[in-house]
Amino acid sequence: MKPDKCEFCEGGMEYRNTLVRFRYKGQTIYVEHVPVWVCNHCGEQYFDAKIYKHLEIIARQKERIQREISFPLATFEMVAA
Ligand SMILES: [Zn+2]
């Protein structure tokens with residue numbers, strides 16, 4: 001079901017297949033090619049209930065995930081004020 005507009009900034013919504021971050025029981029996974037509503041202004045993502053269920057099933061089968069990605073982790077203090 002299409003959200004009318006973004007809850008945060010009232011931007012317009014677009015349906016896209018994208019990379020999403022999904023948090024489930026204290027763990028975070030990233031899932032590619034997920035169809036979600038995305039705010040075209042702030043980028044907030046909205047999952048349909050059906051899609052959310054699907055992501056939960058994926059998160060529960062974590063041992064089947066074969067690839068990992070990593071990100072640089074910086075601290076805000078690394079630049080002197
Ligand atoms: Zn927004």
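In the block above lies the structure referred to throughout.
Conventions we followed
Residues numbered from 1 in each chain as written. Predicted model: local features only at pLDDT ≥ 70, side-chain atom pairs only at ≥ 80, totals over all residues. Helix = DSSP H or I, 4+ residues; strand = E, 2+ residues; numbered from the N terminus. Buried ≥ 20, exposed ≤ 12 C-beta atoms within 10 Å, placed from the backbone. Contact = placed C-beta atoms within 7 Å. Pairing = 2+ DSSP bridges. Axes fitted to C-alpha atoms, helices over the stretch in contact; angles between N-to-C directions.

**Student:** Would you mind showing me how to read the overall build of the chain here?
**Tutor:** Regarding its fold elements, the chain presents one helix and three strands. Secondary structure elements of the chain occur, N-terminal to C-terminal, as β-β-β-α. For the chain, the spread of C-alpha atoms along the principal axes amounts to about 45 × 40 × 20 Å. Within the chain, the proportion of its 81 residues that are buried is 2%. Pairs at least 24 apart in sequence give 49% of the contacts found in the chain among residues at least 6 apart.

**Student:** Please clarify how the sheet that holds strand β1 (residues 13–24) should be interpreted in this entry.
**Tutor:** Whenever strands of a sheet pair, they do so through backbone hydrogen bonds, lying parallel or antiparallel. Judged by pairing direction, the sheet is antiparallel, and its three strands sit side by side in the order β1-β2-β3 without closing on themselves. The sheet is open, and its two edges are formed by β1 and β3 (45–46), each paired on a single side. Together, β1 and β2 (27–39) form the strand contacts of helix α1 (residues 49–60), whose direction differs from that of β2 by roughly 165 degrees.

**Student:** Explain the pairing of β1 here, please?
**Tutor:** On any regular strand, side chains alternate: one points to one face of the sheet, the next to the other face. For β1, the buried fraction is low: zero of the twelve residues fall into the buried class. The sheet contact formed by β1 and β2 spans eleven bridges and is antiparallel. Note on β2: the bridge partner recorded for F22 is I29. Counting the residues that bridge the hairpin from β1 to β2 gives two residues, and of these K25 lies at a positive phi of roughly 45 degrees.

**Student:** How should I be thinking about unusual backbone geometry in this particular structure?
**Tutor:** What is expected of a backbone is that most residues other than glycine have negative phi and most peptide bonds are trans. In the Ramachandran plot, E10 falls in the positive-phi region, its phi being about 65 degrees despite a non-glycine side chain. Looking at the secondary structure, you find E10 in the segment before β1. At H33, a residue that is not glycine, the phi angle is positive and equals roughly 60 degrees. Within the element layout of this structure, H33 appears in strand β2. Among the residues examined, H33 registers 8 C-beta atoms within 10 Å and is labelled exposed.

Treat this as a map of the structure, not an account of what it does.
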